[in-house]
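Residues per chain, in single letters:
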2 protein chains.
Amino acid sequence: MTKNEFIMDCPLPFNDYDRVLLAHGGGGTLTQQLIERIFLPAFGNNPLLKRHDASVVDFPSGSLAMTTDSYVVKPLFFPGGDIGKLAVTGTVNDLAMAGAKPLYLSAGFILEEGLPLESLWKIAQSMRQTADQAGVSIITGDTKVVDKGKGDGVFINTAGVGVVKAGMDLSPASVKAGDAVLLSGDVGRHGIAIMAAREDLEFETKLESDCALLHEPILTLLSQGIEVHCLRDLTRGGLASALNEISQVAGHPILISEDQIPVREEVNAACEILGLDPFYVANEGRFVVILPEKEVEKALLILKKFEVSGAARKIGQVLADPGKSVRLNSLTGATRIIDLLSGEQLPRIC
Amino acid sequence: MTKNEFIMDCPLPFNDYDRVLLAHGGGGTLTQQLIERIFLPAFGNNPLLKRHDASVVDFPSGSLAMTTDSYVVKPLFFPGGDIGKLAVTGTVNDLAMAGAKPLYLSAGFILEEGLPLESLWKIAQSMRQTADQAGVSIITGDTKVVDKGKGDGVFINTAGVGVVKAGMDLSPASVKAGDAVLLSGDVGRHGIAIMAAREDLEFETKLESDCALLHEPILTLLSQGIEVHCLRDLTRGGLASALNEISQVAGHPILISEDQIPVREEVNAACEILGLDPFYVANEGRFVVILPEKEVEKALLILKKFEVSGAARKIGQVLADPGKSVRLNSLTGATRIIDLLSGEQLPRIC
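Residues numbered from 1 in each chain as written. Chains lettered and ligands numbered in written order. Predicted model: local features only at pLDDT ≥ 70, side-chain atom pairs only at ≥ 80, totals over all residues. Heavy atoms only, no water.

A.B. asks: Mind showing me how you'd approach the overall build of chain A here?
C.D. replies: Regarding its fold elements, chain A presents 10 helices and 14 strands. Taking the principal axes of the C-alpha coordinates as reference, chain A spans close to 70 × 50 × 35 Å. Classification of the 350 residues of chain A by burial places 62% in the buried group. Long-range contacts, defined here as pairs at least 24 residues apart, represent 84% of the contacts in chain A between residues at least 6 apart. Surface accessibility of chain A: about 13000 Å² in total, with carbon and sulfur atoms responsible for 50%. Across chain A, the mean location of the 32 positive side-chain charges is 3 Å away from that of the 44 negative side-chain charges. (Helix = DSSP H or I, 4+ residues; strand = E, 2+ residues; numbered from the N terminus. Buried < 20%, exposed > 50% of the residue type's maximum accessible area, 1.4 Å probe, protein only. Contact = heavy atoms within 4.5 Å. Areas by Shrake-Rupley, 256 points an atom, 1.4 Å probe, with all protein chains shown as cover. Lys, Arg positive; Asp, Glu negative; His and termini not counted. Charge placed at Lys NZ, Arg CZ, Asp CG, Glu CD.)

See below:
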């Protein structure tokens, strides 16, 4: 029995010399081994097992939602998640934000030569576990390998499709003057957890990423008939950037109250040390809901039933005058403009 | 007027200092500028202009085909194409190989800090042009930036969805003993063109990649009622790897004749110098059709009407005995086994 056959039967433990080679991306037997020994056992489902160039699946009647994200997070494994969990969570959440029931994902891997196969195995397992939780299948995929020094371990792209009920139009353009802004929980944890892992910062309590699937509270809100105008998850650029993007398209300013926005003590402390503003720090399990004031009470009752949005609350409203800005009623009583930053305070957090 | 406003109105020429910064990937104003000044002008369409996390589009009744590929080709621009053309062509072709009418694409960019923005602009334009030719829209996208030395210019992932008529089952598992194997044209040009560009090899005549869209001949074959069992484009690993993969799933050996397989003189010459076998070299505009012998004549008549498959011919057949191999009747009269290689002879050709 060769070494590789052993891996097939029992993928763990890998040895230190089981690493990605350029030839793993070449479309030959080594690519096949990678598929058969890592990806099929992890993702295995009927369309994928057909091993064709594209997978064909049933699609229910309704409109199709499609989204894509590439993930380049560093480090690959962090408190509260890893790049695999993130790659499935992020794309499922983006579908949910369009009001879609997530159905199918694709996965594209760009591997750096020398990556330990054990890392890839763990990442693939984590993707499968998260996909199962989200009720989606990874039905098609691709692997490329780049020379050492031309990548950084693993980059993953996931694209996702889902089905949307006819007539659903959740988007920043649907936001109206007077709408309320709900926030699903505390902000800033994902970015700070990544930063802490990268820089070996220590906190008194263990700070974990908030990385989590959001489709359940969202789809429940919609199926219960709550009139929702816009949903947005607070990833790159955080709460401040998401609200700015919405205000720009909606054409009305958004006013939020600092005292309503929960930020954990460790996050605030880390932000002070690092010179960051938690409202701009990325989250991977937080979202805002923009909806008519009359729906607020019912919506909060629903959101609070789910762990991931158990701390949901109203944080502000869409103003009536025309404009494109986000204004913050700060703890000191002053009102200030929360503008878009030119870039990310923390690069490569997703 | 600031420099950046100028770019918005007139994207070309860019100056040498217009380069990708880490902050272009941060979700702030620089990310917005990249979207507004490069991607929206290039890809602009209604779903994309809504700027939401996911795009929602109509989907016709039928099954859904989905595929994904990441593109890491080096160099980014090569004779006969560039990474943008390749990224659209490859994914459209993969959908066509499943018998699907390609409809929508996603595009995920992983940019290396320092990439000239002019290169990105050219690549985006090339994607749009190819998408228009294919009749598909790029409806959703994502950009990440990695630090200099952690990527290699641009990596692109495209995922694609298309619609498949109910009941269509094109796959290696549908291949039957006695089926004929048709090849759409000469093989080996893409890989050799890339290699020549990378290594500055000179040929007497200009050798260009065969990179081309294949959906038209394929969809015409199918709409004309030709009974097709399997389609496969001959990308990574070339003709030899594609036929091996099909044979492995079908459970029958495939026999092909060397004298029926066209290889251009320059490709043969380059392969001799470089020690490569043209049957394993990647193509980006070639495919095989596996179908019942009785359909061969009608199918060739259709294929020959299209420039991209004008040189189509029968190159072999699926044997009746059980087995998983590809056998070649060589020019010398001997029969030899064409096995899967462990990796790619030429890394990063797509």
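A.B. asks: Would you explain helix α2 (residues 29-43) of chain A in this entry?
C.D. replies: Because each turn of an α-helix spans 3.6 residues, side chains separated by three or four positions in sequence point in the same direction. Over its 15 residues, α2(A) runs 20 Å from end to end, which matches the ideal 21 Å to within 8%, given 1.5 Å per residue. Along α2(A), the sharpest kink reaches roughly 35 degrees, centred on A:E36. (Expected span 1.5 Å × (residues − 1). Bend = angle between axes of the 7 residues up to and from the residue.)

A.B. asks: I tried to follow the domain arrangement of chain A on my own but got confused; where do I start?
C.D. replies: Where interface size is quoted, it is often the accessible area lost as the parts come together. Residue and element names in this part refer to chain A. Taken as a whole, chain A is organised into domain 1 (22-164) and domain 2 (172-337). Between domain 1 and domain 2, the C-alpha centre-to-centre distance is 28 Å. Between domain 1 and domain 2, the contact holds 22 residues from the first and 22 residues from the second. Considering only the side of domain 1, the residues that lose the most area to domain 2 are P79, N93 and M97, jointly responsible for 33% of the buried surface there. Across the domain 1-domain 2 interface, the total number found is 0 salt bridges. Of all elements in the fold, only α4 (83-97), β5 (101-112) and α5 (117-134) reach the threshold of two or more residues within the side of domain 1 that touches domain 2. Element by element, the count of residues in the side of domain 1 that touches domain 2 is highest for α4, at 9 residues. Here the side of domain 1 that touches domain 2 is built from residues that sort into 11 nonpolar, 7 polar and 4 charged. (Domains from an automatic or database assignment. Buried area = accessible area lost by both parts, 1.4 Å probe. Salt bridge = Lys/Arg side-chain N within 4 Å of Asp/Glu carboxyl O. Nonpolar A, V, L, I, M, F, W, Y, C, P; charged D, E, K, R; others polar.)

A.B. asks: It is not clear to me how helix α6 (residues 189-199) of chain B should be interpreted in this structure. Could you clarify?
C.D. replies: All names here are of chain B. With respect to burial, α6 is a largely interior element, 8 of its 11 residues being buried. R189, H190, G191, I192, A193, I194, M195 and A196 are the residues of α6 that are buried. Taken together, the buried residues of α6 touch β3 (77-78), α4 (83-97) and α9 (265-274). Where α6 ends, the next residue or the one after it, D200, has phi of about 60 degrees, a positive value.

A.B. asks: Help me understand the interface of chain A and chain B in this model?
C.D. replies: If you look at the interface, chain A gives 82 residues, while chain B gives 82 residues. At the surface where chain A touches chain B, the tally comes to 10 salt bridges. Note that B:R236 and A:D142 form a salt bridge whose closest N and O atoms lie 2.8 Å from each other. One can count 16 residue pairs in polar contact (both at pLDDT 80 or more) joining chain A with chain B. Broken down by class, the residue content of the side of chain A that touches chain B amounts to 34 nonpolar, 29 polar and 19 charged. As judged from the 3 bridges shared by strand β1 (residues 55-57) of chain A and strand β2 (residues 63-71) of chain B, these two strands associate in the antiparallel manner. What sits directly across from A:V57, in β2(B), is B:L64. (Polar contact = N/O pair within 3.5 Å; in protein donor to acceptor, adjacent residues only side chain to side chain. Pairing = 2+ DSSP bridges.)

A.B. asks: What is the right way to read the packing of aromatic side chains from this model?
C.D. replies: Each aromatic ring pair is described using two quantities: the centre-to-centre distance and the angle formed by the ring planes. Using the criterion set out here, one finds 4 aromatic pairs over all chains in the structure. The interplanar angle of 45 degrees and the centroid separation of 6.4 Å between the aromatic rings of A:F155 and B:F155 together place this pair among those described as tilted. Here B:F155 lies in strand β7 (residues 154-164) and A:F155 lies in strand β7 (residues 154-164), a pairing that spans two chains. Here A:F155 and B:F155 have matching classes, each one buried. If you follow A:K144 out to its NZ or CZ, it ends over the ring of B:Y71, 5.6 Å from the centre. (Phe/Tyr/Trp six-rings, centres within 6.5 Å; stacked < 30°, edge-to-face > 60°. Lys NZ or Arg CZ within 6 Å of the ring centre and 35° of its normal.)

A.B. asks: It is not clear to me how the pairing of strand β11 (residues 287-291) of chain A should be interpreted in this structure. Could you clarify?
C.D. replies: Put simply, side chains in a regular strand alternate between the two faces of the sheet. Residues and elements named next belong to chain A. β11 sits mainly inside the fold: 5 of its 5 residues count as buried. Here β11 shows a buried face lined by F287, V289 and L291 and a second buried face lined by V288 and I290. As judged from the 4 bridges shared by strand β8 (residues 180-183) and β11, these two strands associate in the antiparallel manner. The residue of β11 that forms the bridge with V181 is I290. The pairing of strand β9 (residues 230-233) with β11 spans 4 bridges and is antiparallel. Bridge assignment links D233 to a residue of β11, and that residue is F287.

A.B. asks: Which parts of the structure should I look at to understand the relation of the copies chain A and chain B?
C.D. replies: Here two copies of a chain appear, and what relates them is a rotation about an axis with a shift along it. Mapping chain A onto chain B is achieved by rotating through 180 degrees and translating by 0.0 Å along the same axis, at an RMSD of 0.0 Å. This pairing of chains is accounted for by a two-fold axis. Residue A:G151, judged by its C-alpha, is the member of chain A lying nearest the rotation axis, at 2.3 Å. The residues that chain A uses at the interface reappear at the interface of chain B in 100% of cases, marking a shared surface. (Least-squares fit on C-alpha atoms with pLDDT ≥ 70 in both.)

A.B. asks: Looking at this structure, I do not really get the sheet that holds β9(A). What am I missing?
C.D. replies: Note: strands within a sheet are paired through backbone hydrogen bonds, in either parallel or antiparallel orientation. All names here are of chain A. If you walk across this open sheet you meet the 7 strands as β9-β11-β8-β12-β10-β13-β14, and the pairing is mixed. At either end of the open sheet lies a strand with only one pairing partner, and these are β9 and β14 (335-337). For this sheet, the mean inter-axis angle between neighbouring strands, taken without regard to orientation, is 25 degrees. The sheet strands contacting α4 are β9 and β11, and the helix crosses β9 at an angle near 165 degrees. Across the face of the sheet, helix α10 (residues 296-303) comes into contact with β8, β11 and β12 (313-318) while running at roughly 10 degrees to β8. (Axes fitted to C-alpha atoms, helices over the stretch in contact; angles between N-to-C directions.)

A.B. asks: Looking at this structure, I do not really get the pattern of salt bridges. What am I missing?
C.D. replies: A side chain of one charge can pair with a side chain of the opposite charge when the charged atoms of the two come close. This structure, assessed with the given rule, holds 34 salt bridges over all chains. In this structure, A:D186 engages A:R264 in a salt bridge whose closest nitrogen and oxygen atoms are separated by 3.5 Å. Remark: A:R264 occurs in the loop between β10 (254-257) and α9 (265-274) and A:D186 occurs in the loop between β8 and α6 (189-199); sequence separation between them is 78 residues. For A:R264, a relative accessible area of 38% puts it in the partly exposed group. Between B:R189 and B:D186 there is a salt bridge, with the nearest N and O atoms lying 3.0 Å from each other. A single burial state applies to B:R189 and to B:D186, both of which are buried. Within this structure, A:K74, A:D152, A:R348, B:D147 and B:K150 form a network of salt bridges that share partners.

A.B. asks: I keep staring at the packing of α6(B) against α9(B) and nothing clicks. Help me out?
C.D. replies: When two helices pack together, their arrangement is given by the angle between the helix axes and the distance between those axes. All names here are of chain B. It is at 10 Å that the axes of α6 and α9 come closest, and there the two elements cross at 60 degrees. Judged by the inter-axis angle, α6 sits oblique to α9. Along this stretch, α6 crosses α9, giving a crossing that reads as left-handed. Side by side, α6 and α9 meet where R189, I192 and M195 of the first sit next to V267, A270, C271 and L274 of the second. (Parallel < 35°, antiparallel > 145°, perpendicular 65-115°, else oblique. Left-handed = near helix turned anticlockwise from the far one by under 90°.)

A.B. asks: Which parts of the structure should I look at to understand a nonpolar patch on the surface?
C.D. replies: Together, A:L201, A:I273 and A:L274 give the surface a local cluster of nonpolar side chains, amounting to about 270 Å² of exposed area. Here A:L201 lies in the loop between α6 and α7 (215-223). (Patch = residues over 30% accessible without salt bridge, like charges linked within 9 Å, V, L, I, M, F, W, Y side chains within 5 Å.)

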